[in-house]
Structures are given as C-alpha cells and as structure tokens.
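Residue strings, one per chain:
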Amino acid sequence: MKNKIIIIHYSEIGLKKGNRKFFEQKLKDNILFALSDFEEKQVILDFGRVLLLMPYETLMDEIVERIRKIPGIAHFSVAKQGSTDIGILKQQIFDDVKDRQFTTFRVETKRTDKQFPMRSMDINKEVGAVIHMELNKPVDLKNAEFVVHIEIYNQKVFYYFDRTEGTRGLPVGSSGNVVSMLSSGIDSPVASYKMMCRGCRVIFVHYHSFPFTDKTSYYNALKLAEQLTQYQLRTKIYFISLADIQQAIIERAPTKLRLILYRRMMYRLAERIAAKERAKALITGESVGQVASQTLDNIAAISQAVTMPVLRPLIGMDKESIVLEAKSIGTFSTSIEPYDDCCSFLVPRNPETHAKMHEVLAAEESISNWQELIEQALMQIEMKYMVFPN
Ligand code: ATP
Ligand code: MG
C-alpha cells in the first residue's frame, strides 16, 4: 500500500505543558473519528505533529475538507517523505516541482533535528539552486508565490508545497460540556462554533412554541445542529416546547415583560439540561445592544434566573463580523431561512429595554405555578443524537 502523508500541525496544544498528551490524544481521536468511513488510515503522534497516513488513491479533497473543520489544528499539508541524502532529496523535490506553474519561489526548511548534518540555510540554498537554475525561476524571500516547505525532525525528512489553514483552538472534548441555546437565527450557531473551537462539546437546546407557531424553527435548528456536527462530530440536541409556559406568561404578566420572562424560563430549562449532561456553562448568541432584549439591563434581568455561568462568545462583536463568520462556517444560508420564532410570539412592538429587577420578579410571582410548568416542559422533552460522518 502506497501512502499519502498529511502532516498536521496543531495550534495551542503546543503551549500546554503538563497535559499536552491529553490534548494530543483528543485531537488524534477526533481525526480518526472524522475519517471513520475511510479504511486503512493511520494516525501517528510524531514529535509535535500528527501524521495521517492514507492509501494513495483516496479522495484527497474530501479529506482536506474534513480536517479543515477539526478544532485544534493550525495548518496541515499533503506531504511526501524525502531522502535524508541531500543529493537525492534535491532530485525528488525538483521532480515534483517542475510541472508546477509559478513565477517566484522560495525554500523554507525547518530543522528540529540538530543531528541532521546540514543547517536549514544550506538546505534552502541547495534545493533553491536546482529549481532556480533548471527552471529559470527567481527566488523571492519575502513574497514568493510558491513555497517549498521542508521539515526535518527525528531523522526524517518531509516536504510539501501547499498549506491549508485549520480552525485553530483546542480539540473538542478537552474542555468539557456546555449547553448552547440554539435558535434558528444567525448568532447562536456562531456562538456554538466558537465554543467548539475552545475545546467544548456543545449540547444544543432549541425552544419552540408549537402548536402556537409552525415547526419551521424546529427543522431549521435541526439542520443547523447537523451542519455544526461537522466540527464536533457527535451532537445531542434537545427540543423543548415553551408553549404552555408562554401561554401562562401571556395571560398573567405585563405585556412589555413577556420577552424577558420567556427568556428567564429558557435559561432555567437550559440549566436543568446542563445538570443532566454535566455541563458547566450555558451559551447564548447575545451581543450587547444588538436587539431590544439584549441591553445590559435586560441581560442582567435574564441572567438572574440561573446560577450557572452564562457565556456569550459574541458579546462584543458587531453583526457584520458575525455574519461573515456564519458564512465561513456554513450556517448562514440556513439561518436566514424564514421561521416562526418562539421569542417573538405575542411580543409587543416596544418591549421593555431596561428591565427593573423588582418588576420582573413581581411579574414572575404572579405566575404561581411556573415551577410546575417547567417540570411539565421537561417531561415532554425530545432529544436527537447525530454523528458526523453518518
Ligand atoms: P440568534 O440569531 O442566535 O437567534 P438574535 O440576535 O436573533 O440571536 P435573540 O432572538 O434575541 O437574538 O436571541 C438571543 C439568544 O437567545 C440567541 O442567540 C439564542 O442563544 C437564544 N435563543 C433565542 N431564541 C431561541 C430558541 N428558540 N431556542 C433556543 N435558544 C434561543
Ligand atoms: Mg433570534
């Protein structure tokens, strides 16, 4: 079996001293899982890199696409193992370079193996000279169009020409579980993705008001969770009906506080799911001032309902940047599909923007059975489990 070698460089894991092995192992497991439908692959942890060996004929584009999405990877390249003899190495590299189209080039050698007899500079010069003379191409040390990368470590030599950027961050599973409130809008999928890149496994909760609204938000959230599973590979999503809770709020609480009260109930339900899933924080897609419900006063009034930390990865981001990120992770087009939002269900045009804690608490007290309603909502919960690749 002839192999293709992919050299994977990880990002922050390299900075972890004591438990670096733990992070490396998580990354290795995730790479294996993401390629579980490919046979004959081999993943080796090798001197601060991950080497992925695949049979020669495999679908490289698909593999690159999958690895690109695994959190914890800085960049990776499809490489070849070269000779440790510089004369042979020069020839091997030249054979692979000669049919490439480029104007300027440079050679960049990284040598962590100090026993290797040549210094990086000298290797650059020798390999560069062959390409320069035989192909008549100029060297450009700063802005070369084409870069020949050579890596020497542990008595091995690898070379490659193209580099794909990874998502960076930490491997999923290295930071524990969080529960993310996933609407079918633009922000919460991006917030969830950001937590995956911090090594968290994200468990989703979506609220709907069926039968008061239709089920479009349910299906959109399901689709978003599926798309995000490409990054974390295993996903649980809980669906909870807010219908009865909302009805009680609508009947008994002041109109302008409806949205805040809905939200407090959502947070409480999410906290219960978090306890069940041993998650340590709640995640939302809120950002200060983006919409009426997200003023500092309202965020405070809503957060007061729970004791678990609520993390808001987008808190200081503007909408334009969030949209760009949603596009780049592939969730944007699903997020802009129309849906019936449970939060806008019978919410007045001018809701409270500066909630006062005592008014919120008084309004909530007027719904004497809210705790019971929460228990009932939890009894009717629906959970779906999904994996990638499936
Ligand atoms: P998004 O684009 O994420 O929906 P948004 O800007 O529309 O955010 P809101 O609708 O005010 O803002 O929602 C704020 C946050 O509350 C969301 O980012 C999400 O975390 C949570 N949320 C809103 N609606 C739902 C829902 N139906 N199910 C689960 N979480 C929700
Ligand atoms: Mg929304």
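Residues numbered from 1 in each chain as written. Chains lettered and ligands numbered in written order. Predicted model: local features only at pLDDT ≥ 70, side-chain atom pairs only at ≥ 80, totals over all residues. Heavy atoms only, no water.

1. Considering helix α9 (residues 296-303)
- Within the span of α9, buried status applies to Asn298, Ile299, Ala301, Ile302 and Ser303.
- Of the surrounding secondary structure, the elements contacted by the buried residues of α9 are α8 (258-276) and α12 (357-365). (Buried < 20%, exposed > 50% of the residue type's maximum accessible area, 1.4 Å probe, protein only. Helix = DSSP H or I, 4+ residues; strand = E, 2+ residues; numbered from the N terminus. Contact = heavy atoms within 4.5 Å.)

2. Some details on the site of ligand 1
- The environment of ligand 1 is made up of 21 residues, and the closest members are Met181, Ser183, Asp187, Ser188 and Gln290.
- Within the backbone of leucine 182, one N or O atom sits 3.4 Å away from a nitrogen atom of ligand 1.
- Taking glycine 285, its main chain carries an N or O atom lying 3.0 Å from an oxygen atom of ligand 1.
- The pocket occupied by ligand 1, as judged from atoms lying within 2 Å of grid points, is the largest pocket.
- At the level of elements, α5 (187-196), β10 (201-208) and α8 are the ones that each hand at least two residues to the shell around ligand 1.
- Ranked by residue count, the leading element in the shell around ligand 1 is β10, at three residues.
- Across the shell around ligand 1, the residue classes tally to nine nonpolar, nine polar and three charged. (Near = heavy atom within 4 Å. Polar contact = N/O pair within 3.5 Å; in protein donor to acceptor, adjacent residues only side chain to side chain. 1 Å grid on protein atoms, 1.4 Å probe; cavity = no way out; pocket = protein on both sides within 12 Å on 5 of 7 lines; lining within 4 Å. Sits in = over half its atoms within 2 Å of the grid points. Nonpolar A, V, L, I, M, F, W, Y, C, P; charged D, E, K, R; others polar.)

3. Some words on the domain arrangement of the chain
- In terms of domains, the chain is made up of domain 1 (3-165) and domain 2 (177-387).
- Each of domain 1 and domain 2 has a C-alpha centre, and these two points are 43 Å apart.
- Around 740 Å² of area is buried between domain 1 and domain 2 when both sides are counted, 59% of it from carbon and sulfur atoms.
- The three residues of domain 1 that bury the most area against domain 2 are Phe33, Lys69 and Pro71, which together make up 70% of that side's buried surface.
- Linking domain 1 with domain 2 are zero salt bridges, by the criterion used here.
- Summed over the shared surface of domain 1 and domain 2, the result is one residue pair in polar contact (both at pLDDT 80 or more). (Domains from an automatic or database assignment. Buried area = accessible area lost by both parts, 1.4 Å probe. Salt bridge = Lys/Arg side-chain N within 4 Å of Asp/Glu carboxyl O.)

4. Considerations on the layout of surface pockets
- Its boundaries defined by the atoms lining it, the largest pocket holds a volume of some 690 Å³.
- If you trace the largest pocket, you find 33 residues lining it, with Ser183, Arg263, Gln294, Asp341 and Cys343 closest to the centre.
- For the lining of the largest pocket, the elements supplying multiple residues, two or more each, are α5, β10 and α8.
- Among the elements that take part in the lining of the largest pocket, α8 stands out by supplying four residues, more than any other.
- Of the residues that constitute the lining of the largest pocket, the class distribution is 16 nonpolar, 12 polar and five charged. (Points joined across faces, edges and corners; volume = space filled by probe spheres on them.)

5. As for the packing of helix α7 (residues 243-252) against helix α13 (residues 370-379)
- As a packed pair, α7 and α13 sit with axes 9 Å apart at the nearest point and diverge in direction by 155 degrees. Overall, the two elements α7 and α13 adopt an arrangement that is roughly antiparallel. The segment α7 lies against α13, with Asp244, Ile245 and Ala248 engaging Leu373, Ile374 and Ala377. (Axes fitted to C-alpha atoms, helices over the stretch in contact; angles between N-to-C directions. Parallel < 35°, antiparallel > 145°, perpendicular 65-115°, else oblique.)

6. Observations concerning the pairing of strand β2 (residues 42-46)
- Sheet analysis places β2 next to strand β3 (residues 49-55), joined by five bridges and oriented antiparallel. What sits directly across from aspartate 46, in β3, is arginine 49.
- Count of turn residues in the β2/β3 antiparallel hairpin: two residues, of which phenylalanine 47 carries a positive phi of about 50 degrees. (Pairing = 2+ DSSP bridges.)

7. Here we look at the packing of aromatic side chains
- All chains considered together, the criterion is met by 10 aromatic pairs.
- Aromatic pair phenylalanine 102 and phenylalanine 146: ring centres 4.5 Å apart, planes at 10 degrees, arrangement stacked. With phenylalanine 102 in the loop between α3 (86-97) and β5 (105-111) and phenylalanine 146 in strand β6 (residues 146-153), this residue pair connects regions lying 44 residues apart in the sequence. The pair phenylalanine 102 / phenylalanine 146 is uniform in exposure class, with both members buried.
- Seen in terms of ring centroids, tyrosine 218 and tyrosine 219 are 5.0 Å apart; in terms of plane orientation they differ by 75 degrees. Their pairing is edge-to-face.
- Among the residues examined, tyrosine 218 registers a relative accessible area of 4% and is labelled buried.
- Among the aromatic residues, ring-to-ring pairing joins Phe102, Phe105, Phe146, Tyr159 and Phe161 into one connected group. (Phe/Tyr/Trp six-rings, centres within 6.5 Å; stacked < 30°, edge-to-face > 60°.)

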